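Each chain, written out:
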Amino acid sequence: MAKAFDFPGGIHPPQRKTLSTRTPLIQAALPTRVVLPMDQHIGTPAEPCVEVGQRVRTGERVALAQGLISADVHASITGTVTAIEERPVPHPSQGKRLCVVIEREPDGDDEWCLMPPLDWRQADDDTLLERLMHSGVVGLGGAGFPSQIKARVRELHAIDTLLVNAAECEPYITADDLTLRTYADDVLEGARLFARLCRAERILIGIEDNKPEAIDTLKQAIDNVVTRDTQSEPPFELKVIATRYPSGGEKQLIKRLLNREVPSHGLPADVGVLCHNPGTLRAALRAVRDGEPLISRIVTLTGEALDHPGNVEARLGTSMHELLTAAGLKEHELARLVMGGPMMGMALDSTALPLVKKSNCLIAATERELPAPPPEQPCIRCGACEQVCPASLLPQQLYWFSKSREHDKAELFNLFDCIECGACNYVCPSHIPLVQYYQAAKGEIRERRHEAHKAEHARHRFEFRQARLAREAAEKEAKRQARAQAASRVATRTAQPSREAAQGEDAAAAKEQVKQLRIAQAAAKAALRKAEKALARASEAGEADQDDLDDLELQVATAQENLRATEARLAAAQQAEQQGETRR
Amino acid sequence: MSLMHASAEPARLPTSTGRVMAWLLLATLPGIATLAWYFGWGVLTNVLAATAFAVALEALVLKLRGRSPTATLSDNSALVTGVLLGVSLPPGSSWWLILVGVVAAIVIAKQLFGGLGHNPFNPAMVGYALLLVAFPLPMTQWAAPHGLFGPEATTLPDALRLLAGLTDPLALDGMSGATPLDAFKHKPEAVMASEFWASSPLPEGTMNAWHSVSLAWLVGGALLLYKRLIGWHIPVAMLGAMAVIAALLYGVDPSHYGSPLFHLLGGAAIFGAFFIATDPVSAATSRKGKLYYGAGVGVLVMLIRTTGAYPDAVAFAVLLMNFAVPFIDYYTQPRTYGHHAPTRGIKVKRLEDETEEPR
């Protein structure tokens, strides 16, 4: 069913993009206060590195990345840190997260603290990676994955294609469209920067045909690059595809443009592709070329509850309310506020939330525009969902399994290959919020796996302790035996010959014991080798987290203890045997 | 979280369950009208009584289950079950027969299993099969094609009397008869097919009536296909399997086996292929699974028709294949994006110790 250069299914929801493409990109007013959450990216939240009352300049680092997958956070205005506390943030849990709050004097200057500019053509890889790491650049398409990790992809995978994902398939969103119309040169330059870092042989730009202006601008910009740089390497290739949701899904776009399939549970890098959003490329270029960390982003402000919808470049941490008001928010008409697109985005409770790195679009929708879904009816297995699923899943079966909590069956039907695009929701005649069921099931399965993992680690700790105690006991016993034998050697000199027979039996038993212990020793050695191999594999792959590595190390230590215990017993037994022989 | 929904957009495919069912009802109209045109008022009394019972019983059970009857009835699924059962019964059935059938369909096969979407078996066919097994005599007396207004036609008052159970159908002249499949099934072994048909074993115009009815169901089926309420997979697979088997048998021995056309148009095959086997709740889910499921129904129909005791076999074939649906579903999953091969069957999860490589 999977055709070459296409993905199955897909839907054609109303685009509603022209709402926000009629006006050019503008700069939002400088806010007087910004709230910077510590987790604007996927991974571990950053840790604040400033204090309340400290004065910071625009671009100064206010929080440090923690652990492997994380990103720095920078001050987006010049002012004073007034609070470091939990504030409501745009997050699916609608909860509060640690934020750094910076306030600016209303007439205060916008004083910048920039890193030294770099020329990416001259600088070496390490310098560039270091720069990306310190500039807080994350994927601006909505996922928020730290870009410096993607830039290091070459360490583990060979990449041949850098894919610029400009499909922007969700309705309403036009941030990438306007980015390309306005900063096509920067995006291309950023693409070449990343192509150099990952040694890609070509740069492929995938864009849906509903963005003719952006396509024209891109063509022009590519021509310019080619005429300016005669040895323009790697070559650019612009591919315009018919508009269909979800073409902008990373896996779907790769299938459509390159006819490659990212393996299940794998990454695009597994098939030699690195995917980036145009906004991210521009941000990375600015971090390198201008030394400017990620402190602003382009966001689409749209929806029929706005008088002047459009795209603005706004400082991170700006209150959404401020941005929407500037765009002419009609508060009494606002029925639903959505961050991201209407298919995969999240509904927000309030407008009093900060703009974050992931906020590519804010939809202020009226009730008529995005009405509340009708009540859920029973599934009649009509199969409409199956027809539109871009991953060739059986959504109705996943729904039954998720609803009845048959998690093993849901996994068997590849629940984790669902990209949560919501196409099934869109067409379901029974108005079942299918994706919500899948998300809940995924969450429960992850939770259970985590619990099992923890229990496993606890068991390994217990086993290590047992092994250590056993080894200590064995060594003690061996010493005791050595002492006892030394004493008995003295005693045998004066022993009666009548004990000869008994000693013969002892010797046979000792021989048997030595044999058994030799086997045990070989087994313990093999176990140790196996544990060491597992540890080496995991640390080479570089994908396991610290917990897992610790656990594997513990298993190696356990195997070592077991081996030492067996060796101590063996030594003791061998000595006993030798003694028995010399006595005869 | 999808905040947009297709129901807000104009589209060919109806976007709520109630409307899906309403279109399905609309698609049954040509078939019902043609049936009534040839077999008289008894068809309409059947359908109306069955739908009335179906809606009333569904409302009653929903009340007993503590659900809101109005919300659920608006999905129109009870109406569909009533109509499908009503047209399957011999025209002019009495009320108690219809009631027993509807109780089996709505109360037992549908609501006791959990209501719409939860029934493993096609409700209308459960009702029909139960009646066929329990009351073979009234279930096999099919009206002669005297039409609605012909001189020999059963009048509307007669039809109502039949419904009320006041007249014994066997006593009425016009009611004698069998379906073509039934008649051919009981053809004496020594008689050749050509001789059998030459002896005009059926009331005049019966074959013609059945052919017309089948074609009318085909029109309704085409509407279902056009509105994308059903896929082509099940009808094509079922009718295709029937045609192939019938053609083989007919080719081997035309004197004792019916022609493919006779099998396709002479009974409930078209109706079953488009309106019964395609019931999404009790059919297989994946596209490939639907092909297997439809072909299975077709093979079983032909098997029962040629070697079994029942002349038409759509109900039994569909119910038997309903049993096989979970199995088919496990073995016909499509290949998911990013997987080398589709998952087959239900795999038992092995314990970690078992999967460890041997030392």
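Residues numbered from 1 in each chain as written. Chains lettered and ligands numbered in written order. Predicted model: local features only at pLDDT ≥ 70, side-chain atom pairs only at ≥ 80, totals over all residues.

Per an unreviewed UniProt entry, chain B carries the name Ion-translocating oxidoreductase complex subunit D and comes from Litchfieldella qijiaojingensis. One UniProt comment on chain B, placed under Subunit (unreviewed entry), says "The complex is composed of six subunits: RnfA, RnfB, RnfC, RnfD, RnfE and RnfG." UniProt lists a comment for chain B under the heading Sequence similarities (unreviewed entry), and it reads "Belongs to the NqrB/RnfD family." (UniProt positions renumbered as here; feature names shortened; annotations may be inferred.)

Chain A appears in an unreviewed UniProt entry as Ion-translocating oxidoreductase complex subunit C from Litchfieldella qijiaojingensis. As recorded by UniProt, the Subcellular location (unreviewed entry) comment attached to chain A reads in full: "Cell inner membrane". Taken from UniProt, the Function (unreviewed entry) comment for chain A reads in full: "Part of a membrane-bound complex that couples electron transfer with translocation of ions across the membrane."

J.: In this structure, what is going on with the overall build of chain B? I would like to understand it.
T.: Within chain B one finds 17 helices and zero strands. For chain B, the C-alpha radius of gyration of 22 Å lies close to 21 Å, the compact-globule estimate for 359 residues. When the backbone C-alpha atoms are referred to their principal axes, chain B occupies close to 85 × 55 × 40 Å. The 359 residues of chain B split such that 50% are buried. Counting contacts in chain B only where the partners sit at least 6 residues apart, residues at least 24 apart contribute 74% of the total. (Helix = DSSP H or I, 4+ residues; strand = E, 2+ residues; numbered from the N terminus. Rg over C-alpha atoms; globule rule 2.2 N^0.38 Å. Buried ≥ 20, exposed ≤ 12 C-beta atoms within 10 Å, placed from the backbone. Contact = placed C-beta atoms within 7 Å.)

J.: How should helix α8 (residues 156-164) of chain B be read in this particular structure?
T.: An α-helical segment advances 3.6 residues per turn. Residues three or four places apart therefore align on the same side. Residue and element names in this part refer to chain B. Of the residues making up α8, those classed as buried are A159, L162 and L163. Looking straight down α8, one finds that the buried residues subtend no more than 100° of arc, so they occupy a single side. The exposed set on the far side of α8, more than 90 degrees from its buried face, consists of P157 and A164. The inward-facing, buried residues of α8 contact α2 (41-64) and α5 (95-110). Once α8 ends, the next one or two residues include G165, with phi positive near 80°. (Arc of directions from axis to C-beta.)

J.: What am I meant to see in the UniProt feature "transmembrane region" (unreviewed entry) in chain B here?
T.: Residues and elements named next belong to chain B. According to UniProt, the feature "transmembrane region" (unreviewed entry) maps to residues 20-41, 95-113, 125-144, 209-226, 233-251, 257-278, 290-307 and 313-331 in the numbering used here. Each end of residues 125-144 is marked by a C-alpha atom, and these two atoms are 24 Å apart; helix forms 75% of the span and strand 0%. Measuring from the first to the last C-alpha atom of residues 313-331 gives 26 Å, for a span that is 95% helix and 0% strand.

J.: Is there a simple way to explain the UniProt feature "binding site: [4Fe-4S] cluster 2" (unreviewed entry) in chain A in this structure?
T.: Residue and element names in this part refer to chain A. Here the UniProt-annotated "binding site: [4Fe-4S] cluster 2" (unreviewed entry) positions come out as C389, C418, C421 and C424. Look at the named residues: they lie 36 residues apart in sequence, but the longest C-alpha span between them is just 10.8 Å, so in the fold they bunch up. By secondary structure assignment, the location of C389 is in the loop between α8 (384-388) and α9 (395-403). For C389, a count of 27 C-beta atoms within 10 Å corresponds to the buried category. Leave out the neighbours within four places in its chain, and C389 touches G9, P395, A423 and C424. Mapped onto the fold, C418 is located in the loop between α10 (407-412) and α11 (423-427). Under the C-beta neighbour-count criterion, C418 is labelled buried, with 25 such atoms within 10 Å.

J.: Sorry, what's going on with the sheet that holds strand β16 (residues 346-348) of chain A here?
T.: What holds strands together in a sheet is hydrogen bonding between their backbones, with the strands either parallel or antiparallel. Residues and elements named next belong to chain A. Pairing is mixed across the open sheet formed by six strands, whose spatial order is β1-β14-β13-β17-β15-β16. Single-partner strands in this sheet number two, and they are β1 (26-27) and β16. Taken together, the four bridges between strand β15 (residues 336-339) and strand β17 (residues 361-365) define a ladder with antiparallel strand orientation. The partner of L337 across the bridge, within β17, is A364. Where helix α3 (residues 175-198) meets the sheet, its contacts fall on β13 (296-302), β14 (310-315) and β17, and the angle it forms with β13 comes to roughly 125°. (Pairing = 2+ DSSP bridges. Axes fitted to C-alpha atoms, helices over the stretch in contact; angles between N-to-C directions.)

J.: Just checking my understanding: could you explain the pairing of β13 of chain A for this structure?
T.: When a strand is regular, its side chains alternate between the sheet's two faces. Residues and elements named next belong to chain A. A large share of β13 lies buried, amounting to seven of its seven residues. Residues S296, I298, T300 and T302 point to one face of β13 and R297, V299 and L301 to the other, with burial holding for every one of them. Strand direction decides the pairing type here: β13 and β14, joined by six bridges, are antiparallel. Looking across to β14, one finds that T300 is bridged to N311. By the bridge criterion, three bridges tie β13 to β17 in an arrangement that is parallel. If you follow T302 over to β17, its bridge partner there is I363.

J.: For this particular structure, what's the right way to read the nonpolar core?
T.: Note that soluble globular proteins tend to have their nonpolar side chains buried in a common cluster. Residue and element names in this part refer to chain A. Formed by 238 residues in total, the largest nonpolar core has its most connected members in F194 and L362. Ranked by residue count, the leading element in this core is α3, at 13 residues. If we ignore the near neighbours within four places in the chain, the residues touching L362 are V299, L301, M320, L323, L324, L337 and M339. The next biggest cluster of nonpolar side chains, apart from the first, holds ten residues, and it includes A467, A474, A478 and A573. (Core = buried A, V, L, I, M, F, W, Y, C linked by C-beta atoms within 7 Å.)

J.: When you look at the domain arrangement of chain B in this model, what are you seeing that I'm missing?
T.: Often, the extent of an interface is quoted as the loss of accessible area on bringing the components together. Residues and elements named next belong to chain B. Here chain B is partitioned into domain 1 (15-141 + 143-176) and domain 2 (205-331). Domain 1 and domain 2 are separated by 21 Å when their C-alpha centres are compared. On the side of domain 2, 24 residues touch domain 1, which itself brings 24 residues to the contact. Broken down by secondary-structure element, the contributors of at least two residues to the side of domain 1 that touches domain 2 are α1 (17-39) and α6 (123-134). Top element by residues in the side of domain 1 that touches domain 2 is α1. It accounts for ten residues. For the side of domain 1 that touches domain 2, the residue count by class is 18 nonpolar, six polar and no charged. (Domains from an automatic or database assignment. Nonpolar A, V, L, I, M, F, W, Y, C, P; charged D, E, K, R; others polar.)

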